[in-house]
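Fold and geometry: a report
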Amino acid sequence: MNCVIIVGSQWGDEGKGKIVDLLTEYADGVIRYQGGNNAGHTVMFEDKTFVLHLIPSGILREKLSILGNGVVIDPAALLEEIKQLQEMNISVRDNLRISNNAHLVMPYHLLFDQLRESRKGTQKIGTTGRGIGPTYEDKVARSGIRLGDLRNSVHLKDRLSKIIEEKNSQLRHYFGAEQRCLNLGHVLEELQNHFQELEPYLCDSAQLVNDQLDAGKNLIFEGAQGTFLDVDHGTYPYVTSSNTLAGGVCTGAGIGPTKVSHVLGITKAYTTRVGSGPFPTELDDETGEFLRSEGGEFGATTGRPRRCGWFDAVLVRQAVRLNGISSLALTKLDVLDKFEEIRIAVAYQLADGTITKNFPTQQLDQVTPIYETMPGWICSSQGIQQVDELPKELIAYIKRLEDLVSAPVSIISTGPRREETILLPSAPLINP
Ligand code: GDP
Ligand code: IMO
Ligand code: MG
């Protein structure tokens, strides 16, 4: 039995989808435990590219794929994703299972996300507009609707009528959006239609996951977003609304921490961020522009250009601690192929002049990174599959990052495709 958690160690988009897909070959199932269709996980193999938003990337290898209780589900988006996969001949019906307890992203959540963001003006979070924050708010406020609740239409109607009354009051009086008010009958009808299609997938996912573990199966828990988008440990308030850290697996999938065998931190060889919020090593210049174009750094969900900057070792070291990362998968090294010099932030100077290697929880927007410079390799590393074929400067870069963040690298990714990877013997799951 192996239980591997895969988490992003920066601000998301580190290449989790690629690595999950790769390791799924050696797994029996993949589980999403938090977030929703704010995620965009890209997987490329043969001549195909898939971007998964909600369904675990394991579905592409037709393995058991579970949406755990901690995930929030927009039923229309989920049905669309199922349809797209089926059109590409992926067998979804036999492999996908969804928790009865997963909360639904309702039409008013989408509205509130978008209306709030436009009200915030320059202080907006830069959300994906998928209703994720408002859905988690209602979950914690105990006024959310769970997929399993759709089974009891009388009770549902009763609860929903009160909820919609309150939401409409806010739309009318706070947002001044009378024309966006919701009609109970329409919302119910749409939900019932979605439920008919989704009901065959519903299950007690915590029981299923634990049964799998008891049967000695190998499971991957596919994190979405990244460490610094975590609602508790991220760059609050510029975060998402779930616990993206490895710890989120326990609550979001219903397993105990003693079951976890490996935490794999997916780490980009530089740093990117989409949306607002502090980003110490951001390059607002032509170097940043070059990273964006070489790395194809445009959001897989919203298409927004990603902000780009140098590798931040202070940040990733903190991620190693917060997640208990066992090893790292270092991705997108090939994107640095053309740089004569590569910089790494090794410490921060705080506003009062103090220098620290520790991640400050406040005032990240006021730190100045202290850089170290390393020579680039100026040759193509794309697609290299053997360590001894890597340029020596690239190996030195990896070794320096390992030292700085206090974690070993077990996977080296040299391109977006499955085969453009080096799996070191210490990679999780590969040794039975
Ligand atoms: P995720 O959200 O963490 O799954 O990452 P995204 O899919 O949003 O963004 C990562 C992007 O980098 C995708 O376009 C991947 O196809 C691509 N990618 C992943 N690994 C590598 C790599 O090693 N090299 C290059 N050049 N691209 C990569
Ligand atoms: P994957 O799984 C990168 C960011 C948004 C915004 C903030 C809050 O592909 O790595 P939300 O819609 O969640 O309320 O937005 O979080 N964000 C992501 N950034 N990758 C993601 O997912 C993200 N999911 C949300 O851009 O800054
Ligand atoms: Mg992504």
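Residues numbered from 1 in each chain as written. Chains lettered and ligands numbered in written order. Predicted model: local features only at pLDDT ≥ 70, side-chain atom pairs only at ≥ 80, totals over all residues. Heavy atoms only, no water.

1. A look at the site of ligand 2
Around ligand 2, 20 residues are found, and the nearest of them are Lys16, His41, Thr128, Gln225 and Thr240. Within the backbone of Gly126, one N or O atom sits 3.4 Å away from an oxygen atom of ligand 2. Take Thr128: an N or O atom from its side chain is 2.6 Å from an oxygen atom of ligand 2. Bound to the protein, ligand 2 loses 97% of the 550 Å² it would expose on its own. Comparing atom positions with the cavity grids shows ligand 2 to sit within the largest pocket. Here the residues of the shell around ligand 2 sort into 7 nonpolar, 10 polar and 3 charged. Both domains that furnish three or more residues to the shell around ligand 2 are identified here as domain 1 (2-93 + 204-423) and domain 2 (103-201). (Near = heavy atom within 4 Å. Polar contact = N/O pair within 3.5 Å; in protein donor to acceptor, adjacent residues only side chain to side chain. Areas by Shrake-Rupley, 256 points an atom, 1.4 Å probe, with all protein chains shown as cover. 1 Å grid on protein atoms, 1.4 Å probe; cavity = no way out; pocket = protein on both sides within 12 Å on 5 of 7 lines; lining within 4 Å. Sits in = over half its atoms within 2 Å of the grid points. Nonpolar A, V, L, I, M, F, W, Y, C, P; charged D, E, K, R; others polar. Domains from an automatic or database assignment.)

2. With respect to the sheet that holds strand S15 (residues 327-331)
What links the strands of a sheet is backbone hydrogen bonding, and the strands pair in either a parallel or an antiparallel sense. Read across the sheet, 10 strands follow the order S9-S7-S5-S2-S10-S1-S11-S15-S19-S20 without closing on themselves; strand pairing throughout is mixed. At either end of the open sheet lies a strand with only one pairing partner, and these are strand S9 (202-203) and strand S20 (421-423). (Pairing = 2+ DSSP bridges. Helix = DSSP H or I, 4+ residues; strand = E, 2+ residues; numbered from the N terminus.)

3. Things to note about the side chain of Asp21
When you line up the elements, Asp21 lands in helix H1 (residues 16-24). Owing to a relative accessible area of 1%, Asp21 belongs among the buried residues under this scheme. Discounting residues that sit within four places of it in the chain, Asp21 has contacts with Val43, Phe45, Leu60, Arg61 and Arg418. (Buried < 20%, exposed > 50% of the residue type's maximum accessible area, 1.4 Å probe, protein only. Contact = heavy atoms within 4.5 Å.)

4. Overview of the environment of Ser276
Residue placement: Ser276 occurs in the loop between strand S12 (271-273) and helix H9 (286-295). Judged by its relative accessible area of 22%, Ser276 falls in the partly exposed class. Between the C-alpha atom of Ser276 and that of Ile125, which follows or precedes it by 151 residues, the distance is 5.3 Å. Sequence-distant contacts of Ser276, that is, excluding residues within four places in its chain, are made with Lys124, Ile125, Gly126, Tyr238 and Arg307.

5. Things to note about unusual backbone geometry
With an omega of 5°, the peptide bond between Tyr236 and Pro237 qualifies as cis. Along the polypeptide, Pro237 turns up in the loop between strand S10 (218-222) and helix H8 (248-254). Non-glycine residue Asp13 carries a positive phi angle of around 60°. For Asp13, a relative accessible area of 21% gives the class partly exposed. Positive phi is not limited to glycine here, since Ser406 has a value of about 60°. As for its position among the elements, Ser406 is in the loop between helix H11 (392-405) and strand S19 (409-413). Looking at Ser406, the relative accessible area reads 53%, which means it is exposed.

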